[in-house]
Amino acid sequence: MLMVGAGRHQRRAIERAQELGLRVVGVDRNPDAPGLAAADVGEVVDFTDVEAVTEVGRRRGVDGVLTVSADRAVPVVAAVAEALGLPGIGTETAHAMTHKVAMRRLLAERGVPQPEFAALRSIGERRAALEAVGLPAVLKPADSGGQRGVFRIASLDDLEAHLHSALSESATGEAIVESFHEGLELNGLAVARGGEVELLTLSDRLRPPGIGFGVGWTHLYPSTLYGDVLARVEETVVRAIHALGLRNGIAFPQVIVSDDGESRIVEVAARIPGGQMADLARHAVGVDLVEIALRQALGLDVPDELARPSFTQPLAIKFLTASPGPLPTGRVASIGSLDKVLAFPGVVQAELYLQAGETIRPVRLDGDRRGYVIAVADTNLEALERAEAAAKLVDVIVA
Ligand SMILES: Nc1ncnc2c1ncn2[C@@H]1O[C@H](COP(=O)(O)OP(=O)(O)O)[C@@H](O)[C@H]1O
Ligand SMILES: [Mg+2]
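Residues numbered from 1 in each chain as written. Chains lettered and ligands numbered in written order. Predicted model: local features only at pLDDT ≥ 70, side-chain atom pairs only at ≥ 80, totals over all residues. Heavy atoms only, no water.

Peer 1: Run through the overall build of the protein chain, naming residues and quoting values.
Peer 2: On a plain count of helices and strands, the protein chain comes out with 14 helices and 19 strands. In terms of overall dimensions, the protein chain is globule-like: its C-alpha atoms have a radius of gyration of 21 Å, near the 21 Å expected for 399 residues. The C-alpha extent of the protein chain, read off along each of the three principal axes, is 55 × 55 × 45 Å. Here the protein chain holds 399 residues, and 55% of them are scored as buried. For the protein chain, long-range pairs separated by at least 24 residues make up 65% of all intrachain contacts whose partners lie at least 6 apart in sequence. Accessible surface for the protein chain amounts to roughly 16,700 Å². Of this, 49% is attributable to carbon and sulfur atoms. When the 40 positive and 53 negative side-chain charges of the protein chain are each reduced to one mean point, those points stand 3 Å apart. (Helix = DSSP H or I, 4+ residues; strand = E, 2+ residues; numbered from the N terminus. Rg over C-alpha atoms; globule rule 2.2 N^0.38 Å. Buried < 20%, exposed > 50% of the residue type's maximum accessible area, 1.4 Å probe, protein only. Contact = heavy atoms within 4.5 Å. Areas by Shrake-Rupley, 256 points an atom, 1.4 Å probe, with all protein chains shown as cover. Lys, Arg positive; Asp, Glu negative; His and termini not counted. Charge placed at Lys NZ, Arg CZ, Asp CG, Glu CD.)

Right, here's the structure in full:
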């Protein structure tokens, strides 16, 4: 198996692949990427260079190619798979599921509900773009992720002030503005097999107030929505996945449900999401997304036993963030043990990614989440209380 990208998330997938009896070739441009050491063979290659990655795959005689959690690697994996004649989602679908303008155009063609949108490449287009979508709006790079370069826009001046940052996060120098929609955000996990879509989970993605408005700082399963409203969300995400052409693969749909009950697609990624979503699937419904992705990358059948929920366990994931959040902002002086957190009733998993000397900033990006606590309970709200109470026991001292 050729693993494209060998960062922290990929490392776990590499180890899982090895547990399942596969030999793994990892590529990453960073020679110190943790996954390179874990892989059976590690090669230092910048994965934006499709030809170089293809050459590694050909030379090593790989049977499959995959990435986990790295959105930028999704089109690369699709292109390498095509070049080597291996199973993949196809370069067209990969583009539609990583490039926000292409995605919006396809969804619009198929009548899937979504925000108003306009693409822009230069400051001269700002006025026309805002006229098309109205205010408030959201500005994003057309092809990036993890909330990098995402801004809430309240005026033409705001757009002018932030456009450069958004464009600079885009590999193709393109941005998108969208109508901003208030509401509850739901994140889904779905598996497409032979063109059939199975929706495994829909969970609430709660977000902090302020500049981090897009960051998932709490996931709650099952969703607090129910009945017809939830059924409409399910229908919308399945339609979106079909519209984008994903026939075999894992999909990560994100939807905002407004007070009027209308659900609009934020985006649908074609990969296992980062941010502990694979852990959510494992704890909440007993599904191993990594095993499914590995099997699909090899062109193996994914039986129902692997792809369908085997139980339903309410849970909450609370991310460790600061301002707001349980962590302090500032330079980290010391980090206590997580023993108390892990011993808290219902807590099934917790981690901190912090080192003394690092600086904790107010939460703005996905990357400002410095750890998490996962708790289970009989209900989602009780799980949330437990995760929040346990998160307060994390003891990090700043200078
Ligand atoms: N049109 C919108 N209206 C309201 N909130 C939005 C909108 N678009 C994005 N957001 C918020 O910002 C987050 C990040 O946007 P997204 O398009 O998913 O970018 P990224 O690729 O960085 O994840 C979303 O999950 C959502 O919380
Ligand atoms: Mg997103």
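Peer 1: I'd like a rundown of the site of ligand 1, residues and numbers included.
Peer 2: Around ligand 1, a shell composed of 22 residues is seen, among which Lys100, Lys140, Gln147, Glu185 and Glu267 lie nearest. Note that an oxygen atom of ligand 1 is positioned 3.2 Å from one of the backbone N or O atoms of Gly146. Here an oxygen atom of ligand 1 sits 2.9 Å away from a polar atom, N or O, in the side chain of Arg207. Calculation on ligand 1 without its partners gives an accessible area of 550 Å², and the protein chains cover 98% of this total. Those elements that place two or more of their residues in the shell around ligand 1 are strand S6 (137-141), strand S8 (175-179), strand S12 (249-257) and strand S13 (263-269). Residues that form the shell around ligand 1 fall into these classes: 7 nonpolar, 8 polar and 7 charged. (Near = heavy atom within 4 Å. Polar contact = N/O pair within 3.5 Å; in protein donor to acceptor, adjacent residues only side chain to side chain. Nonpolar A, V, L, I, M, F, W, Y, C, P; charged D, E, K, R; others polar.)

Peer 1: Account for the coordination of the magnesium ion (ligand 2), naming residues and giving values.
Peer 2: Gln254 (OE1) and Glu267 (OE) make up the full set of protein donors to the magnesium ion (ligand 2), lying at 2.0 to 2.2 Å. Placement of the pair is Gln254 in strand S12 and Glu267 in strand S13, with a sequence separation of 13 residues. A single burial state applies to Gln254 and to Glu267, both of which are buried. (Donors = N, O, S within 2.8 Å, 3.2 Å for Na, K, Ca; no water.)

Peer 1: Describe in detail the packing of aromatic side chains, supporting the description with residues and values.
Peer 2: Counted under the stated rule, the structure contains 2 aromatic pairs. A ring pair is formed by Phe180 and Phe213, whose centres lie 6.2 Å apart and whose planes are at 65°; its orientation type is edge-to-face. Residue Phe180 is located in the loop between S8 and strand S9 (184-193), and its partner Phe213 is located in the loop between strand S10 (196-206) and strand S11 (218-221); the two are separated by 33 residues in the primary sequence. Here Phe180 matches Phe213 in class, with each residue buried. Ring plane angle 55° and centroid distance 6.3 Å describe the contact between Tyr353 and Tyr372, whose orientation is recorded as tilted. Placement of Tyr353 in the loop between strand S16 (347-352) and strand S17 (359-360) and of Tyr372 in strand S18 (residues 371-376) is noted, with a sequence separation of 19 residues between them. You'll find Tyr353 and Tyr372 in the same group, each marked buried. Directly above the ring of Trp217 sits Lys318, whose terminal nitrogen or CZ lies 3.9 Å from the centroid. Over the face of the ring belonging to Phe319 we find Arg369, whose NZ or CZ atom lies 4.3 Å from the ring centre. (Phe/Tyr/Trp six-rings, centres within 6.5 Å; stacked < 30°, edge-to-face > 60°. Lys NZ or Arg CZ within 6 Å of the ring centre and 35° of its normal.)

Nothing here speaks to function; it is all geometry.
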